[in-house]
Amino acid sequence: MKFIHIADVHWGMSPDSDKPWSRERSQDIKDTFSKAVNQAKSLEADCLFISGDLFHRQPLARDLKEVNYLFSTIPGVRVVIIAGNHDRIRNNSALLSFTWAPNVSYIMGEELESVYFKEINTEVYGFSYHSVEIPENRLDHLKVPNNGRIHVLLGHGGDANHIPFDKGAMSSLDFSYIAMGHIHRPEILIENRMAFAGSLEPLDKTESGLHGMMVGEINEVTRMVTSLKFIPLAKLQYISLAVNVTPATTNTELAMKITQEIQNRGGDNIYRFRIRGMRDPDITFDLDMLSTRFKILEIIDESEPQYNFSALFAEHPSDMIGFFIQALQKPEMSGVEKKALYYGINALLRTTDERS
Amino acid sequence: MKILDIYINGFGKFHGRNLTFHDGINIVYGKNEAGKSTIHTFIRSMLFGIERQRGRASRNDLYSRFEPWENSGTYEGQIRVEHKEHIYRIERTFQKNKKEFKVVDETAGKEIEPTKTFLDDLLCGLSETSYINTISIGQLKSATDEGMVTELKNYIANLNTTGNLALNITKAAACLKSQRKELESQMVPEAARTYTSLLSEIRNIEKEISAPEYENQIQTYQKLRVDMKTDLEERQAEKEELIKKVARGRQVLTSNQFTDHESINSYSQKAQEHYDDYMEAQAACNRKPKKFASVISLILATLLLCGTGVIYYMGESNYFSAYYGVDLILLLSVFVSGALIFYLIGLLLFLRIRHHMKDMEMSGKVLEEILSRHLGDTDISPESIQAFKNRMAEFTRLCSAVSKSEAAINQKAAQIEELNKKLEGCGVTIETQQKSQWELEKKLDHLSGCKTQAEGLKHILAENDRIREEISAVDLALETMTNLSSSIRDSFGLYLNKAASDLISGITGGIYTSMSVDENLNIFLNTKTKLVPLEQVSSGTMDQVYLALRLAAATLIQSGEERMPFIFDDSFVLYDDDRLKTGLKWLAGTYTNQIIIFTCHQREAQMMTANLMPYHLIEI
């Protein structure tokens, strides 16, 4: 029995909504999802498990239709879906009156339910979110009848407010595979037993690394997973890089360095840069021009101007500069104090009257 | 500290040049471009070294400006100074790759580690900056009076507020303020408000859509509708069945010319009546005494008629007349009338029987017809009548069955109507539900938009916070600077103004008695009779004030017993002869320090000679 396990698609989300690429990303999510659906067909999977948060918000009828159309293109694949915290089932949900394609089973109940597929002797268990949070651990003590069927569990959670389960306890449950969602970083929790599929596309800057789907196979006789691997599918990655500067680094040099880094790692990815080190006090890095060429989420300039405060103090022991340094410099300076020191010294040095 | 001699080995235009300085006033005379400034800078560089500037500033820094003109490979020199009765030789190589700095105590005959403490002591606590600010004295740069006023005022303000001629607190504060403005312009001030209003809008929409009217019960209602439809169909079928049944019953009744119970009853009653009549008639017909009486009557009448004949024949001879003497005529008439009466009776009886017969016949016919219609048998008998009655009872039952069915039909029809109404209501509810779902979708769409916008705003808010932190850093810098400057003014500025004020009188030869600086850093020179604003004094006086200020600062800043030499670089150009004389005299009289005067005029030397003041002349 071959299966594909995805989760946290967040259909309908517009990541980085204040950035110019937001719309494009919104489309990427849909494209990659349809890619995953196609993969189910081309890999000849028997099942497609979607472990919650297929939709970013309560799905509208049109969203359901779109998704259902995609499912209808893979009539041979049994699609099993549960709702997560984002697309939890509310009383007014369009889901309640929606008719899915025949190959789709949406497990809507708040309590554990199952669907059984006779042809592949597989019973898929799961329950859906009806509330924002499920703070109690409702997963790791589930009991299912030992009836010779392949048991698969779809679950959604893993943090304190969303079913904080115990991994060890989960391993002793009678499930061949536990398909988890909610945590956006893909991770195989128990070798050949349990995994977070992670978000299909990375959805914000914290979701660096590769994203995609889990593909696995369960032996019909032993009812054990024989292979489980992660297949990257996402269109791009969020990449965070630290760039070190020295007082010799110029703005152009830094821009070229960053451009080089971006080109090495792929111009399509979304980047965050952190500039570290000491810079020439006369230079303020202005990298706005890069933002028009690449997808740059933010450039955090943590570089500090290379003032030699002790030299400056020695030079100005009894005037404003010396006093200013004395007033602000102390062993453990807060960020604001540090910056105030830089601002003040910079202003004083820049506005010096020409000496006679 | 005083300078004994210098040896320049590659510095600007000079190579292998020795100059010796003496105690007291040294006048270094040279024409323009002779290299006075080079020597001046050489002294400074020997004392403090040359720090290369970084980057673009390096092109025009001291190092490049005074690189040896001839490429001899040396860029170095020596200076010998006397300090606390020790003679030190300072040797420096400026070249960028082999910078060297060596101090030799010639008195002790050993090299000395040039530590900071040693250098501080040697240089009387002066840093390069304060050296430039104080003892190395030039003239005011500005060419115009107005410019000079501004420059001098700036210097005084700077010294008063920052303790440094060159540090300008006003400009620094303005610079910080413009940075602050720049930062403020990067903020999105309405972001927080928009965010808050977005959040409340989101809350409102969420509250709105959680209202029960938006609950999706379409499926329930659809199921209900399907159920109702099946129910309705069943009932419809039942109703039709009933209608058919009724129709059949009706047909039967109609074919028997019945319409309702009434008709059946009256019909059977009629039949009963006919039967009764028939039976009665039959009974009457069959009544023997009547028949017998009729026959007897007729016989009697006939007998009487015959008797009449006999009597008439016999005439008076008949028995009665004969015997009883009854009148014959009377007798005859009695007989005849008797016969007549009996005839009449007989006839009457006969007619009565005939009438009954007829009655019976008629009733029998009607009955026969009725019976033949309903039983197919014309026999009139109690059995057949009973059969007929049963038949009629059947009809009655049928009739009541029909009317019952009809009632049932009516009931069904009412039920169907009710169901239809309910169905319609259900349809309306589903329609309303669909409509509210549609409304809900619109609201959800809007909600989603709001949420996305809020998420975007969160980044902007974070960015705002970041900028706010920068602004508070700028504010802290500004505040610190302001506080410091007022404390500098309160301490150093006060002493400085006092010291400078004391010097003014000497420098100006008593023309101005003192100088005062008010809170707004306006400067006044005081004569014995009035306060003269700085703007109104001559440029020469301004230079004098400048000198006084620097000398005052130099006195305040230097530490220790020893004093650094004063170095004047073309400082007296603007002085008239009287002023110069007064100034030089005052300098020589007031200060015991070594004084080095760089000049491109000969009048300083001439004036010294003329006034019999000792000095040492160095010509280059």
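Residues numbered from 1 in each chain as written. Chains lettered and ligands numbered in written order. Predicted model: local features only at pLDDT ≥ 70, side-chain atom pairs only at ≥ 80, totals over all residues. Heavy atoms only, no water.

(A) Spotlight on the overall build of chain A. Assigned secondary structure in chain A consists of 8 helices and 16 strands. Taking all 356 residues of chain A together, the buried fraction comes to 53%. For chain A, restricting intrachain contacts to residue pairs at least 6 apart in sequence, the fraction spanning at least 24 positions comes to 70%. (Helix = DSSP H or I, 4+ residues; strand = E, 2+ residues; numbered from the N terminus. Buried < 20%, exposed > 50% of the residue type's maximum accessible area, 1.4 Å probe, protein only. Contact = heavy atoms within 4.5 Å.)

(B) Highlighting the interface of chain B and chain A. Between chain B and chain A, the contact holds 60 residues from the first and 48 residues from the second. A buried area of about 4,700 Å², summed over both sides, lies between chain B and chain A, and 57% of it is on carbon and sulfur atoms. Summed over the three residues of chain B that lose the most area to chain A, namely Leu167, Asn216 and Glu441 of chain B, the buried surface amounts to 11% of that side. Where chain B packs against chain A, one counts 3 salt bridges. Across the pair Lys339 of chain A and Glu469 of chain B runs a salt bridge whose closest N-O atoms are separated by 3.3 Å. The interface formed by chain B and chain A includes 17 residue pairs in polar contact (both at pLDDT 80 or more). Listed by contribution, the elements that provide at least two residues to the side of chain B that touches chain A are helix 4 (128-133), helix 5 (145-162), helix 6 (169-186), helix 8 (218-255), helix 13 (382-507) and helix 14 (539-557) of chain B. Broken down by element, the residue count for the side of chain B that touches chain A peaks at 24 residues, all from helix 13 of chain B. Looking at side-chain class alone, the side of chain B that touches chain A contains 24 nonpolar, 22 polar and 14 charged residues. (Buried area = accessible area lost by both parts, 1.4 Å probe. Salt bridge = Lys/Arg side-chain N within 4 Å of Asp/Glu carboxyl O. Polar contact = N/O pair within 3.5 Å; in protein donor to acceptor, adjacent residues only side chain to side chain. Nonpolar A, V, L, I, M, F, W, Y, C, P; charged D, E, K, R; others polar.)

(C) Here's a closer look at the sheet that holds strand 9 (residues 187-190) of chain A. All names here are of chain A. With respect to topology, 6 strands assemble into an open sheet ordered 5-6-7-8-10-9, the strand pairing being mixed. Each edge of the open sheet carries a strand with a single partner, namely strand 5 (113-117) and strand 9. Strand-to-strand, the axes of this sheet are offset by a mean angle of 20 degrees, without reference to chain direction. Here strand 9 runs beside strand 10 (residues 194-196); their pairing, made up of 3 bridges, is antiparallel. The partner of Ile190 across the bridge, within strand 10, is Met194. (Pairing = 2+ DSSP bridges. Axes fitted to C-alpha atoms, helices over the stretch in contact; angles between N-to-C directions.)

(D) View of the pattern of salt bridges. All names here are of chain B. A full pass over the atoms with the stated rule returns 38 salt bridges over all chains. With its nearest N and O atoms 2.5 Å apart, the salt bridge here joins Lys443 to Glu208. Taken together, the residues span a long stretch of sequence, with Lys443 in helix 13 and Glu208 in helix 7 (residues 190-209) at a distance of 235 residues. Classification of Lys443 as partly exposed rests on a relative accessible area of 23%. Between Arg468 and Asp465 there is a salt bridge, with the nearest N and O atoms lying 2.9 Å from each other. Linking Arg468 with Asp465, this pair stays in helix 13, spanning 3 residues, or about one helical turn. Among the residues examined, Asp465 registers a relative accessible area of 46% and is labelled partly exposed. The structure contains a network of salt bridges with shared partners spanning Asp5, Arg80, Arg89, Glu91, Lys102 and Glu106.

(E) The arrangement of the packing of aromatic side chains in detail. Residues and elements named next belong to chain A. Overall, the coordinates contain 29 aromatic pairs over all chains when judged by the stated rule. Plain terms: the ring middles of Phe165 and Phe196 are 6.2 Å apart, the flat faces sit at 40 degrees to each other, and that makes the pair tilted. Of this pair, Phe165 sits in the loop between strand 7 (150-156) and helix 3 (167-171) while Phe196 is found in strand 10, placing the two residues 31 residues apart along the sequence. A single burial state applies to Phe165 and to Phe196, both of which are buried. Pairwise contacts between aromatic rings join Trp11, Phe33, Phe71, Phe98, Trp100 and Tyr106 into one cluster. Arg138 extends its terminal NZ or CZ atom over the ring of Phe127, reaching a point 4.2 Å from the ring centre. The lysine or arginine in question, Arg149, covers the ring of Tyr116, its NZ or CZ lying 3.5 Å from the ring centre. (Phe/Tyr/Trp six-rings, centres within 6.5 Å; stacked < 30°, edge-to-face > 60°. Lys NZ or Arg CZ within 6 Å of the ring centre and 35° of its normal.)

(F) The arrangement of the pairing of strand 12 (residues 225-232) of chain A in detail. Of the strand pairs in this sheet, strand 11 (residues 212-218) of chain A and strand 12 of chain A are connected by 7 bridges, and their pairing is antiparallel. Following the sheet pairing, Met213 of chain A is matched in strand 12 of chain A by Ile231 of chain A.

(G) The arrangement of a negative patch on the surface in detail. Residues and elements named next belong to chain B. Taken together, the side chains of Glu273, Asp276, Asp277, Glu280 and Asp359 present a region of like negative charge at the surface. Per element, the largest residue contribution to the negative patch is 4 residues, and it comes from helix 9 (residues 261-285). The topology assignment puts Glu280 in helix 9. When its relative accessible area of 56% is taken as the criterion, Glu280 is described as exposed. (Patch = residues over 30% accessible without salt bridge, like charges linked within 9 Å, V, L, I, M, F, W, Y side chains within 5 Å. Areas by Shrake-Rupley, 256 points an atom, 1.4 Å probe, with all protein chains shown as cover. Lys, Arg positive; Asp, Glu negative; His and termini not counted. Charge placed at Lys NZ, Arg CZ, Asp CG, Glu CD.)

(H) Local environment of the side chain of His156 of chain A. All names here are of chain A. Within the secondary structure layout, His156 lies in strand 7. A polar contact is formed between the side chain of His156 and the backbone oxygen of Ser51, at a distance of 2.8 Å. Of note is the side chain of His156, whose polar atom sits 3.2 Å from the side chain of Asp53. The contact partners of His156, leaving out residues within four places of it in the chain, are Asp8, Ser51, Gly52, Asp53, Ile82, Gly84, Asn85, Tyr129, Ile163, Met180, Gly181 and His182.

(I) Local environment of the packing of helix 5 of chain B against helix 13 of chain B. Relative to each other, helix 5 of chain B and helix 13 of chain B sit at 115 degrees, their axes nearing to 6 Å. Of the residues in helix 13 of chain B, those touching helix 5 of chain B at Leu159, Asn160, Thr161 and Thr162 of chain B are Ser485, Ile488, Arg489, Phe492, Gly493, Leu496 and Asn497 of chain B.

(J) Representation of unusual backbone geometry. Backbone geometry at Asn192 of chain A places phi at a positive 55 degrees, although glycine is not the residue there. Relative to the helices and strands, Asn192 of chain A resides in the loop between strand 9 and strand 10. Phi angles above zero are rare outside glycine, and Glu33 of chain B is one such case at about 70 degrees.

(K) Representation of the confidence of the model for chain B. Confidence in the prediction for chain B averages 85 pLDDT; 98% of positions are at 70 or higher. Across the whole predicted complex the pTM is 0.69, and at the interface the ipTM reaches 0.83. (pLDDT = per-residue confidence, 0-100.)

(L) Here's a closer look at helix 1 (residues 36-48) of chain B. All names here are of chain B. Spanning 13 residues, helix 1 covers 18 Å between terminal C-alpha atoms, matching the ideal 18 Å at 1.5 Å per step. Within helix 1, 12 of the 13 residues are buried, leaving the element largely enclosed by the surrounding structure. Turning to helix 1, its buried residues are Lys36, Thr38, Ile39, His40, Thr41, Phe42, Ile43, Arg44, Ser45, Met46, Leu47 and Phe48. At the exit of helix 1 stands Gly49, carrying a positive phi of roughly 80 degrees. (Expected span 1.5 Å × (residues − 1).)

(M) Focus on the pairing of strand 14 (residues 616-619) of chain B. Residues and elements named next belong to chain B. The alternating pattern of strand 14 places His616 and Ile618 on a buried face and Leu617 and Glu619 on a face that is not buried. Alignment of strand 3 (residues 25-29) against strand 14, held across 4 bridges, turns out to be parallel. Residue pairing in the sheet places Ile27 in a bridge with Leu617 of strand 14.

(N) Up close: the nonpolar core. Judged by nonpolar contacts, the single largest core of 127 residues is most densely connected at Ile6, Ile43, Leu551 and Phe568 of chain B. Considering every element that reaches this core, the biggest residue donor is helix 13 of chain B, with 16 residues. Setting aside residues up to four positions removed in sequence, Phe568 of chain B forms contacts with Ile137, Leu547, Leu551, Leu587, Ile595, Ile596, Ile597 and Phe598 of chain B. Ranked by size, the runner-up nonpolar core spans 37 residues in total, among them Val9, Met13, Ala36 and Ile74 of chain A. (Core = buried A, V, L, I, M, F, W, Y, C linked by side-chain atoms within 4.5 Å.)

(O) Looking closely at the sheet that holds strand 11 (residues 531-533) of chain B. Residues and elements named next belong to chain B. If you walk across this open sheet you meet the 3 strands as 9-10-11, and the pairing is antiparallel. Of all the strands in the sheet, the pair left with one neighbour each is strand 9 (514-517) and strand 11. Pairwise comparison of adjacent strand axes, ignoring direction, gives a mean angle of 30 degrees for this sheet. In terms of strand pairing, strand 10 (residues 523-526) meets strand 11 through 3 bridges, oriented antiparallel. Residue pairing in the sheet places Phe524 in a bridge with Pro533 of strand 11. Across the sheet, helix 13 lies against strand 9 and strand 10, angled at about 150 degrees from strand 9, the strand it touches most.

(P) How the structure looks around the side chain of Ser22 of chain A. For Ser22 of chain A, the position within the fold is in helix 1 (residues 22-42). In this view, Ser22 of chain A contacts Ser14, Pro15, Asp16 and Ser17 of chain A; residues no more than four positions away in its chain are not counted.

(Q) The packing of helix 12 (residues 328-374) of chain B against helix 13 of chain B, seen in detail. Residue and element names in this part refer to chain B. Viewed as axis vectors pointing N to C, helix 12 and helix 13 meet at an angle of 55 degrees, and their least axial separation amounts to 10 Å. With respect to each other, helix 12 and helix 13 are oriented oblique. As for how helix 12 packs across helix 13, the hand of that crossing is left-handed. Note on element contacts: helix 13 touches helix 12 through Ser384, Ile385, Phe388, Arg391, Met392 and Phe395, opposite Leu367, Ile370, Leu371 and His374. (Parallel < 35°, antiparallel > 145°, perpendicular 65-115°, else oblique. Left-handed = near helix turned anticlockwise from the far one by under 90°.)

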